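Summary of the model geometry
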Amino acid sequence: MSELNSSFLVFSGTNTRYLAEKICASLGCPLGNLVVTKFSDGEFSVSYEESIRGRDVFLVQSTFPNSDNLMELLLMIDAAKRASARQIIAVIPYFGWARQDRKDKPRVSIGAKLVADLLSAAGINRVITMDLHADQIQGFFNVPVDHLYASGIILPYLQSLKIENLAIASPDVGGSKRANSYAKYLGCPLVLCNKTRARANVVATMQIIGDVKGKNVVIVDDMVDTAGTITKAADIMKEAGALSVRACASHCVMSGPATERVQDSALEEIVFTDSIPYTNRCAKVKQLTCADMFAETIRRVITNQSISSQYLI
């Protein structure tokens, strides 16, 4: 990549620096010098401390709560546009507000579309992201979206465990397509969970569709927030005769009581990527890095190579 290093630069927002440093190490390039200045009232500004004129600029920032992460990314994009960057590529490992992808009841916002509009208005030329909560969010943008899948990281890990009598499960019907792809790739049966919610983040009832007796079950999801759904599914499957229950998800949101719920549940382990930093300590949580996958995607964007050819499923 040394001959290409002069054509692009990688910068990071404050809370995704840990991942940007890994991406740069994989690319063999230094992380760009960007300074975030904070004021006493909570306002902040960003400035590039090196010339980016005529360069392709990759801005690494997940937009997980709080909203400062999104605002920081917007300011980074605006500053890059005003500094005459040739192209501005937003690298968003975790795209926040993605659960608000439609009007599921009257008089609500479509947050994912609003965020896409904000990023476009700020001046992005391309988005690189991973495991959007809903695939149709790609259509909210009028610029190219490279949608990566954590399956390229998680599937090799599951294969390395050499689990016998394996079954793949989805914690809800909405995730059945993702779970079915895993089951087909691994050549094992699929189990579904049918749940109803009392309100946001609160599961009222759950039923298993399929047989888990004598199986080692792996629950597949895109994110774990309060861990209510995934731990309830694990407990029910264990009661139904599952030999063991593991879980894997792309994004480690893990808010509120999530860590305690996972620790106290029937789950043997739960595997995430490092798209979001996880600072709590939990013996059952394992994070696999997605840095190499994003670095390879950046490399292919720069050299105009196929990105889809690196997908496993």
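For the structure, see preceding data.
Figured I'd write up the structure that's included with this text. Since the structure is predicted, the reported quantities are computational estimates derived from the model, not experimental observations.

1. What to know about the environment of threonine 63
For threonine 63, the location among the structural elements is in the loop between strand 4 (56-60) and helix 2 (68-82). Remark: the alpha-carbon pair of threonine 63 and isoleucine 92, spanning 29 residues in sequence, is separated by 7.0 Å. Excluding residues that lie within four positions of it along the chain, threonine 63 makes contacts with Asn69, Leu70, Leu73, Ile92, Tyr94, Phe95, Gly96 and Trp97. At 2.7 Å, the side chain of threonine 63 forms a polar contact with the backbone nitrogen of glycine 96.

2. A word on helix 5 (residues 176-186)
For helix 5, every residue scored as buried is listed here: Ala179, Tyr182 and Ala183. Buried residues of helix 5, seen end-on, are gathered within an arc of 100 degrees and therefore sit on one face of the element. Within helix 5, the exposed residues directed more than 90 degrees away from the buried face are Lys177 and Lys184. Positive backbone phi, at 65 degrees, marks glycine 187, one or two positions downstream of helix 5.

3. A word on the packing of helix 2 against helix 3 (residues 111-122)
In the contact formed by helix 2 and helix 3, the axes pass within 8 Å of each other and the chain directions differ by 25 degrees. Overall, the two elements helix 2 and helix 3 adopt an arrangement that is roughly parallel. Contacts between helix 2 and helix 3 involve Leu70, Leu73, Leu74, Ile77, Asp78 and Lys81 on the former and, on the latter, Val115, Leu118, Leu119, Ala121 and Ala122. Taken together, the residues that form the contact of helix 2 with helix 3 break down as nine nonpolar, no polar and two charged.

4. Re the packing of aromatic side chains
Under the defined criterion, the tally for this structure stands at four aromatic pairs. Taking the centre distance of 5.3 Å and the plane angle of 85 degrees together, the rings of tyrosine 149 and tyrosine 311 count as edge-to-face. Note that tyrosine 149 is positioned in the loop between strand 7 (145-148) and helix 4 (151-161) and tyrosine 311 in the segment after helix 8 (291-302), a separation of 162 residues in sequence. Above the face of the phenylalanine 44 ring, lysine 38 is positioned so that its terminal group lies 4.8 Å from the ring centre.

What counts and what doesn't
- Residues numbered from 1 in each chain as written.
- Predicted model: local features only at pLDDT ≥ 70, side-chain atom pairs only at ≥ 80, totals over all residues.
- Heavy atoms only, no water.
- Helix = DSSP H or I, 4+ residues; strand = E, 2+ residues; numbered from the N terminus.
- Contact = heavy atoms within 4.5 Å.
- Polar contact = N/O pair within 3.5 Å; in protein donor to acceptor, adjacent residues only side chain to side chain.
- Buried < 20%, exposed > 50% of the residue type's maximum accessible area, 1.4 Å probe, protein only.
- Arc of directions from axis to C-beta.
- Axes fitted to C-alpha atoms, helices over the stretch in contact; angles between N-to-C directions.
- Parallel < 35°, antiparallel > 145°, perpendicular 65-115°, else oblique.
- Nonpolar A, V, L, I, M, F, W, Y, C, P; charged D, E, K, R; others polar.
- Phe/Tyr/Trp six-rings, centres within 6.5 Å; stacked < 30°, edge-to-face > 60°.
- Lys NZ or Arg CZ within 6 Å of the ring centre and 35° of its normal.

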